[in-house]
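Coordinate inspection notes
Here are the chains, one letter per residue:
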Amino acid sequence: MAMVLDEEQSMLRDAARGFLTDHAPVSQLRKLRDSGNEDKFDRATWAAMGEMGWAGVLVDEDHGGVDMGFQAAGLIAEEMGRTLTASPYLSTAMMGATALGAYGTTSQKETWLPKIATGEAIMAIAVDEGRKHRPQQVATTASKSGNGFKISGTKTFVADGGVAEQIIVTARTAGGEGEKEGISLFLVSADAAGITKTHHDMIDSRNSVTLSFDDVEVDGDAIIGEIDGGASPLNHILNAGRAGLAAEMSGSAQACLSMTVDYLKERKQFGKTIGEFQALQHRASHLYSEIELAKAVVMKALQGLDSAPEHASLMVAAAKAKLGQVAQLAAQESIQMHGGIGMTDEYDIGFYMKRIRVAEALYGDSHYQADIYAKLRGF
Amino acid sequence: MADLDTFRMETRKWLEENCPEEMRHGVTGDEDACWGGRHWTFKNDAQRLWLERMVAKGWTVPEWPVEYGGAGLSKAEAKVLRSEMKRLNARSPLDSFGIWMLGPALLKYGTPEQKKEHLIPIARGEIRWCQGYSEPNAGSDLASLMTKCEDKGDHYEITGQKVWTSYADKADWIFVLVRTDFEATKHTGISFILVDMDQPGVTTKPIRLISGKSPFCETFFDNAVAGKDQIVGEINKGWTVAKYLLTHEREMISGMGDAMGRPIGDLAAMQIGLEDGKLEDSMLRTDIARLEIDGLAFMAGMEKIISEAKAGQGTGANASVLKYYGTELNKRRHELMMDSGGSEALTWGAEEDIAAHWLRTKANSIEGGTSEVQLNIISKHILDLPGA
């Protein structure tokens with residue numbers, strides 16, 4: 001597959017960059033944070049994204065989407081990473097659309113995909129239960145109750161869980177904790193009786209909650225995919241999120257580098273522009289090299305999800321492992337090269353460092369991904 | 001496309017019929033490859049036959065014009081040929097600095113006479129070339145070179161010393177950067193000249209490296225003679241030719257980051273063993289996973305940068321990214337191979353000569369422009385930093 005964007009993709013990228021720069025730059029996130037906005041994203045901006053078709057980028061045309069594939073979805077995520085735009089895009093347009101589009105029942109698809117495509121329905125994925133991402137460590141249970149199930153347990157680090165209308169939750173229907181078999185996926189209304197949300201004040205100022213389920217009743221048709229067989233669909237849904245986060249981190253890393261290079265050309269010390277110092281030139285050029293290759297591995301992962309999703313796990317793990325490291329390097333180097341001003345809240349670099357930290361941890365950090373990579377490679 | 005399919009089928013058939021069995025596996029090292037030249041002794045009949053047959057097809061240099069020993073293939077046809085050779089695991093019939101480095105420069109800057117005189121023997125593997133660039137006092141600062149070239153009316157006379165000349169002791173001709181104007185600023189007084197090494201004025205001396213091998217030489221010019229028609233490009237404008245050629249060398253060296261041979265994770269699993277499906281040495285396992293991931297990123301990056309270049313996007317200076325990253329990656333890779341090999345990797349002449357290869361890689365980030373020089377190029381031509 002070509003490693004350059006085609007015309008349609010280039011147009012989408014340019015349109016996304018233009019819109020986000022004008023309507024959702026870092027100053028928007030700052031304003032959301034400072035005003036104490038409870039949603040932690042701007043609903044008008046999200047509605048506009050829905051109108052432009054972004055929320056339906058992975059939804060098929062029969063269900064009202066534009067069906068442009070993962071590479072296109074990644075381009076939007078990358079541009080959002082550049083501007084740090086807060087939105088439920090990743091959990092809704094990438095993961096939610098993948099979950100229902102690939103594994104949903106006809107009725108689930110008909111009910112939810114059109115609403116996802118317009119941005120009307122916000123989704124969240126509730127997977128983790130502890131401080132680290134361990135998708136097979138599921139202690140949450142779904143026990144048979146009449147024609148349906150009762151779900152009990154606690155889910156941590158649920159991105160957009162505070163604003164979602166529907167939650168996709170993993171629960172154990174069989175097997176013991178840590179086992180791959182026996183995990184099932186349920187689609188649960190966020191306002192169902194028995195769900196308690198605990199909002200967290202996250203370092204990246206984005207929406208994240210802990211959800212506790214206390215005998216939450218769902219119908220039998222709330223299952224996504226097959227009962228006890230949720231592990232494999234879950235992996236694909238998570239891969240969609242991981243690739244999206246890798247793309248987002250790529251955009252953030254590029255923005256950090258670009259801000260830093262601009263600063264190196266402007267700041268003067270010792271009677272010189274500091275960009276003249278080779279010590280700084282080499283730091284910046286090393287970072288540039290890392291980012292160039294990182295962009296390419298993200299592209300490979302997204303293309304893999306488009307062309308052969310069943311074989312995409314290796315490249316997705318590689319991409320998220322690599323971007324976790326490269327984006328953190330970008331944020332760290334940017335602060336170092338900016339000097340004291342980079343440490344101030346008034347300057348934007350800190351926002352990047354904090355969001356990159358969260359994106360790196362979400363759905364498996366760089367260590368986790370490297371471990372998955374080695375396992376898949378057989379060592 | 002139909003034509004390309006026909007070409008593929010014909011190529012496949014020809015290769016199957018003409019590539020000797022012994023030539024259907026990769027070379028085990030520089031010693032196993034076919035380099036050609038006046039004094040070349042073929043390792044076996046298969047090596048000779050393979051070269052002769054490929055030469056007759058023009059496929060040692062498939063994209064060069066037919067009149068210069070090539071086959072005049074289009075880029076797409078050449079790609080088909082490469083993929084069909086790969087399918088058969090057919091090795092390259094001829095390794096050659098003439099093909100990789102001098103050829104492209106001559107095709108771009110040479111006179112019709114120079115092309116005729118030099119390209120055909122390169123394509124046929126009859127003349128082996130080496131590159132005379134670095135000097136004892138001109139390494140990274142190559143443009144400060146001082147090898148003198150004087151106009152003696154009917155010929156040029158060259159005096160000076162080159163160093164790090166790869167395989168000079170085995171080469172027939174050398175392309176040399178010489179100073180033709182000592183008054184001009186350093187980049188503008190340099191010329192690019194071709195010199196026959198079969199003369200008393202040229203002597204070579206191999207340099208023994210830490211790896212125990214001697215791939216490089218010192219090359220001495222003592223009133224060596226070169227024809228008036230052997231300057232490539234304009235006199236005093238050799239730096240332009242040299243820079244063009246260096247971009248080819250950089251791409252060639254960065255290609256060494258290409259995971260040649262068995263991926264290191266597999267090698268380590270075999271050497272150290274697994275425990276519950278994981279490499280028994282958990283810290284090494286992490287380092288190897290990281291290295292392989294960076295290798296994937298490098299390969300993807302190379303593909304992307306080449307795609308962009310073909311589409312007229314991106315910047316030529318990205319070759320420096322590949323040179324920098326590819327060579328640093330290759331050094332890391334060999335460090336891990338030493339870690340994985342343990343005490344068995346610490347003996348000379350061990351299987352696959354791990355230690356010698358490990359030591360050799362230390363030159364990767366020095367030759368063809370050091371890593372620091374590549375970072376300077378990125379700073380200047382990509383990031384546009386002041387004073388770079």
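These figures come from a predicted structure and were not determined experimentally.

Some words on the overall build of chain B
Of the regular secondary structure elements, chain B holds eleven helices and ten strands. At 22 Å, chain B has a C-alpha radius of gyration in line with the 21 Å of a compact globule built from 388 residues. For chain B, the spread of C-alpha atoms along the principal axes amounts to about 75 × 50 × 45 Å. Taking the contacts inside chain B whose residues are at least 6 apart along the sequence as the reference set, 70% of them involve residues at least 24 apart. On chain B, roughly 18200 Å² of surface is accessible, and the fraction owed to carbon and sulfur atoms is 52%. Measuring between centres, the 46 positive side-chain charges of chain B sit 3 Å from its 59 negative side-chain charges.

Concerning the overall build of chain A
In terms of regular secondary structure, chain A is built from eleven helices and ten strands. Relative to the globule expectation of 21 Å for 379 residues, the C-alpha radius of gyration of chain A, 21 Å, shows essentially globular dimensions. Across the 379 residues that make up chain A, the buried fraction comes to 59%. Restricting the contact set of chain A to residue pairs at least 6 apart, pairs at least 24 apart contribute 74%.

Structural notes on the domain arrangement of chain A
All names here are of chain A. Taken domain by domain, chain A consists of domain 1 (7–121), domain 2 (125–229) and domain 3 (232–377). Taking only C-alpha atoms into account, the centre of domain 1 sits 23 Å from that of domain 2. Facing 23 residues of domain 1, the contacting portion of domain 2 comprises 19 residues. Summed over both partners, the interface of domain 1 with domain 2 comes to about 1500 Å²; 58% of that surface belongs to carbon and sulfur atoms. Of all residues in domain 1, K40, Q108 and W112 bury the most surface against domain 2, accounting for 33% of the area lost on that side.

A word on empty space enclosed by the protein
All names here are of chain A. Tallied over the entire structure, the rule returns three cavities of 30 Å³ or more. Of all elements in the fold, only helix 5 (89–103), strand 3 (148–159) and helix 10 (349–361) reach the threshold of two or more residues within the lining of the largest cavity. Taken together, the residues that form the lining of the largest cavity break down as six nonpolar, four polar and four charged. Volume-wise, the second largest cavity comes out at about 80 Å³. Looking at the second largest cavity, the residues that line it are A77, M80, G81, T85, S87, Y89, L90, R206, G244, E248 and R355. Of all elements in the fold, only helix 4 (70–83), helix 5 and helix 7 (231–264) reach the threshold of two or more residues within the lining of the second largest cavity. Counting residues per element, the lining of the second largest cavity draws most heavily on helix 4, which supplies three residues. Here the residues of the lining of the second largest cavity are counted per class, giving four nonpolar, four polar and three charged. Both domain 1 (7–121) and domain 3 (232–377) contribute no fewer than three residues apiece to the lining of the second largest cavity.

Notes on the pairing of strand 5 (residues 190–196) of chain B
Residues and elements named next belong to chain B. With six of seven residues buried, strand 5 is to be regarded as a mostly interior element. Strand direction decides the pairing type here: strand 4 (residues 173–179) and strand 5, joined by seven bridges, are antiparallel. Each bridged residue has a counterpart across the sheet, and for R179 the counterpart in strand 5 is I190. Sheet analysis places strand 5 next to strand 8 (residues 231–232), joined by two bridges and oriented antiparallel. Following the sheet pairing, I193 is matched in strand 8 by I231.

Digging into the pattern of salt bridges
Enumeration over the complete set of coordinates arrives at 48 salt bridges over all chains. Here D39 of chain A and R43 of chain A are joined by a salt bridge, their closest N and O atoms 2.7 Å apart. Using a relative accessible area of 44% as the deciding quantity, one classes R43 of chain A as partly exposed. With its nearest N and O atoms 3.0 Å apart, the salt bridge here joins D266 of chain B to R377 of chain A. Separated into two different chains, D266 of chain B in helix 7 (residues 264–272) and R377 of chain A in helix 11 (residues 366–377) make up a pair that spans both. One connected set of salt bridges, linked through shared partners, spans R30, R33, D34, D345 and D348 of chain A.

Notes on a negative patch on the surface
Taken together, the side chains of E275, D276, E280, D281, D287 and D339 of chain B make up a negatively charged region of the molecular surface. Its relative accessible area of 51% is what places E275 of chain B among the exposed residues.

Describing the domain arrangement of chain B
With domains assigned, chain B is organised as domain 1 (2–95), domain 2 (129–236) and domain 3 (258–382). Relative placement of domain 1 of chain B and domain 3 of chain B: their C-alpha centres are 28 Å apart.

Quick word on the packing of aromatic side chains
Residue and element names in this part refer to chain B. Applying the stated criterion across every chain yields a total of 16 aromatic pairs over all chains. Aromatic side chains W35 and F97 sit 5.5 Å apart centroid to centroid with 55 degrees between the ring planes, which places their arrangement in the tilted category. Taken together, the positions of W35 in the loop between helix 1 (2–18) and helix 2 (45–57) and F97 in helix 4 (residues 97–109) put the pair 62 residues apart, joining distant regions of the chain. One exposure class covers both W35 and F97, and it is buried. Centre to centre, the rings of Y133 and F175 are 6.3 Å apart; their planes meet at 85 degrees, and the pair counts as edge-to-face. With Y133 in the loop between strand 1 (129–132) and strand 2 (148–151) and F175 in strand 4, the pair connects residues that are 42 residues apart, well separated along the chain. Accessibility classification places Y133 together with F175 in one group, the buried group.

Quick word on the interface of chain A and chain B
Chain A puts 40 residues into the contact, and the matching count from chain B is 43 residues. In total, about 3600 Å² of surface goes out of reach between chain A and chain B, with carbon and sulfur atoms giving 63% of it. When residues of chain A are sorted by the area they lose upon contact with chain B, Y288, L293 and F379 of chain A head the list and together hold 21% of the total. In this structure, R285 of chain B engages D371 of chain A in a salt bridge whose closest nitrogen and oxygen atoms are separated by 2.7 Å. Put simply, chain A and chain B have 20 residue pairs in polar contact (both at pLDDT 80 or more) between them. Taken together, the elements giving at least two residues each to the side of chain A that touches chain B come down to helix 7, helix 8 (278–307), helix 9 (313–338) and helix 11 of chain A. For the side of chain A that touches chain B, the element with the highest residue contribution is helix 8 of chain A, accounting for 16 residues.

Structural notes on the packing of helix 2 (residues 26–34) of chain A against helix 10 of chain A
Residues and elements named next belong to chain A. Relative to each other, helix 2 and helix 10 sit at 80 degrees, their axes nearing to 11 Å. Between helix 2 and helix 10, the angle falls in the class roughly perpendicular. In contact with V26, L29, R30 and R33 of helix 2, helix 10 contributes F351, Y352 and K354. Of the residues contributing to the contact of helix 2 with helix 10, the split by class is four nonpolar, no polar and three charged.

Some details on the packing of helix 5 of chain A against helix 6 (residues 106–118) of chain A
All names here are of chain A. Between helix 5 and helix 6, whose axes approach to 10 Å, the crossing angle comes to 165 degrees. Considering their axes alone, helix 5 and helix 6 lie roughly antiparallel with respect to each other. For helix 5 against helix 6, the interelement crossing comes out left-handed. Residues T92, G96, A97, L100 and G101 of helix 5 lie in contact with helix 6, whose contacting residues are Q108, K109, W112, L113 and I116. Of the residues belonging to the contact of helix 5 with helix 6, the class tally is five nonpolar, four polar and one charged.

Reading the values: rules and limits
- Each chain carries its own residue numbering, running from 1 in the written order of its sequence.
- To label them, take the chains in the order written and letter them from A, then take the ligands in the order written and number them from 1.
- This being a predicted model, a pLDDT of at least 70 is required before a residue's local features are given, and a value of 80 or more before pairs of side-chain atoms are given or counted; all residues contribute to the totals for chains, interfaces and linings.
- Only heavy atoms go into the side-chain values, all of them from the structure, while hydrogens and water stay out.
- Only DSSP runs of H or I with at least four residues qualify as helices, and only runs of E with at least two residues qualify as strands; both kinds are numbered from the N terminus onward.
- Using C-alpha atoms as the atom set, the radius of gyration is obtained and then compared with a globule rule of 2.2 Å times the number of residues to the power 0.38.
- Two residues qualify as a contact provided that any one of their heavy atoms is within 4.5 Å of a heavy atom in the partner residue.
- Here, Shrake-Rupley sampling with a 1.4 Å probe gives the accessible areas, and only protein chains in the shown set may cover a residue.
- Charged residues are defined here as Lys and Arg on the positive side and Asp and Glu on the negative side; His and the ends of the chain fall outside this count.
- Every charge is mapped onto a representative atom, which is NZ of Lys, CZ of Arg, CG of Asp or CD of Glu.
- Each residue gets one of three labels from its accessible area relative to the maximum for its type: buried under 20%, exposed over 50%, partly exposed in between, using a 1.4 Å probe on protein chains only.
- Domain segmentation is taken from an automatic or database assignment of domains.
- Here's the idea: put two parts together, see how much 1.4 Å probe accessible area each one loses, and the total over both is what we call buried area.
- Think of a 1 Å grid over the protein atoms and nothing else: a 1.4 Å probe that fits but is trapped marks a cavity, an open set flanked by protein within 12 Å on at least five of seven lines marks a pocket, and residues with an atom within 4 Å of a point count as lining.
- Grid points are joined across faces, edges and corners, and a volume is the space filled by probe spheres set on the points.
- Three classes are used: nonpolar for Ala, Val, Leu, Ile, Met, Phe, Trp, Tyr, Cys and Pro, charged for Asp, Glu, Lys and Arg, and polar for all others, with Gly counted as polar.
- A pair of strands is treated as paired once DSSP finds two or more bridges between them.
- What counts as a salt bridge is simple: a side-chain nitrogen of Lys or Arg found within 4 Å of a carboxyl oxygen of Asp or Glu.
- Surface patches are drawn from residues lacking salt bridges whose relative accessible area is over 30%; two like charges belong together within 9 Å, two nonpolar side chains (Val, Leu, Ile, Met, Phe, Trp, Tyr) within 5 Å.
- Each pair of aromatic rings taken from Phe, Tyr and Trp, with Trp reduced to its six-membered ring, is defined by centres within 6.5 Å and is described as stacked if the planes are under 30 degrees apart, edge-to-face if over 60, and tilted in the remaining cases.
- As used in this structure description, the phrase polar contact means that two N or O atoms lie within 3.5 Å; if the pair is within protein, one of them must be able to donate a hydrogen and the other to accept it, and residues adjacent in sequence are counted only when both atoms belong to side chains.
- Think of each axis as a best-fit line through the C-alpha atoms, taken over the contacting stretch in the case of a helix, with angles from 0 to 180 degrees between the N-to-C directions.
- Oblique is the label for any angle not under 35 degrees, not over 145, and not in the 65 to 115 range, which are roughly parallel, roughly antiparallel and roughly perpendicular in turn.
- Left-handed describes a crossing in which the near helix is turned anticlockwise from the far one by less than a right angle; the clockwise case is right-handed.

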